[in-house]
Amino acid sequence: ICFINEYMGKGSLYECLHNQSKEKISWRKRIEIALTIARGMSYLHGTKPATKHCNLSSHTCYINSTSVVKIGDVGMSSLYDKGLESSDNNNSQEERNNPIWTAPEVICGEKYTDKSDVYSFGVILYELFHRTVPFPQLLSSDGNIKFIQDICNDKIPISFSNHIPTSYRILI
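This is a predicted model, so every value here is computed, not measured.

### Here we look at the sheet that holds strand β3 (residues 61-63)
Spatial ordering of the open sheet is given by β1-β3-β4, a layout of 3 strands whose pairing is antiparallel. For this open sheet the edge positions go to β1 (11-12) and β4 (69-71), each flanked by a neighbour on one side alone. With 3 bridges connecting them, β3 and β4 associate as antiparallel partners. The partner of Cys-61 across the bridge, within β4, is Ile-71. Strand contacts of helix α2 (residues 27-46): β3 and β4, with the helix running at about 25 degrees to β4, the strand carrying the most contacts.

### A look at the packing of aromatic side chains
Scanning all chains against the criterion turns up 4 aromatic pairs. Pairing Tyr-14 with Trp-101 gives two aromatic rings, centres 6.2 Å apart and planes at 70 degrees, and the pair type is edge-to-face. Placement of Tyr-14 in helix α1 (residues 13-18) and of Trp-101 in the loop between β5 (78-80) and α3 (104-107) is noted, with a sequence separation of 87 residues between them. Residue Tyr-14 shares its accessibility class with Trp-101, and that shared class is buried. Centre to centre, the rings of Trp-27 and Phe-129 are 5.7 Å apart; their planes meet at 40 degrees, and the pair counts as tilted. Note that Trp-27 is positioned in helix α2 and Phe-129 in helix α4 (residues 114-130), a separation of 102 residues in sequence. Judged by relative accessible area, which is 29%, Trp-27 ranks as partly exposed. Looking at Phe-129, the relative accessible area reads 1%, which means it is buried. Here a set of aromatic residues connected by ring pairs shows up, and it is made of Trp-27, Phe-129 and Tyr-168. One residue, Arg-30, lies across the ring of Trp-27, its end atom 4.5 Å from the ring centre.

Rules and cut-offs
- Residues numbered from 1 in each chain as written.
- Predicted model: local features only at pLDDT ≥ 70, side-chain atom pairs only at ≥ 80, totals over all residues.
- Heavy atoms only, no water.
- Pairing = 2+ DSSP bridges.
- Helix = DSSP H or I, 4+ residues; strand = E, 2+ residues; numbered from the N terminus.
- Contact = heavy atoms within 4.5 Å.
- Axes fitted to C-alpha atoms, helices over the stretch in contact; angles between N-to-C directions.
- Phe/Tyr/Trp six-rings, centres within 6.5 Å; stacked < 30°, edge-to-face > 60°.
- Buried < 20%, exposed > 50% of the residue type's maximum accessible area, 1.4 Å probe, protein only.
- Lys NZ or Arg CZ within 6 Å of the ring centre and 35° of its normal.

If you want it as structure tokens, here you go:
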């Protein structure tokens with residue numbers, strides 16, 4: 001599979017959400033970004049054979065000069081038969097290289113599925129609404145092992161800022 005995109009002049013969604021100036025992004029624009037990513041992932045998951053992204057994050061969503069978001073870096077994707085969890089039994093290291101956006105079951109060594117992409121999308125929603133990542137301790141390499149073990153053992157609850165509307169918390 002080969003995808004070709006135009007030049008994305010505003011860079012990655014991660015850069016836009018986490019830049020020092022923190023340009024204001026309206027709630028309406030945040031929802032528009034979320035819907036665009038959801039539609040793109042729905043398209044990938046709906047192709048025949050279906051495609052998993054396997055590396056979805058705010059780093060792999062790009063914004064063009066007119067502020068339209070597009071999903072990129074699908075080169076790490078893998079094909080799978082619709083309805084099956086995975087066409088292979090192994091997850092490559094590339095699929096697990098970004099623990100913040102990687103589903104806990106994948107971190108714990110299970111197969112990567114389309115549901116794992118949905119988890120990654122949930123992390124992007126968290127970023128869109130908070131303008132920070134949910135587990136900042138994973139940005140550094142210090143102490144990741146214990147934290148990842150806690151994720152695998154379901155010991156890491158996610159917390160939300162009070163300014164996040166309840167309906168958005170439920171969505172995430």
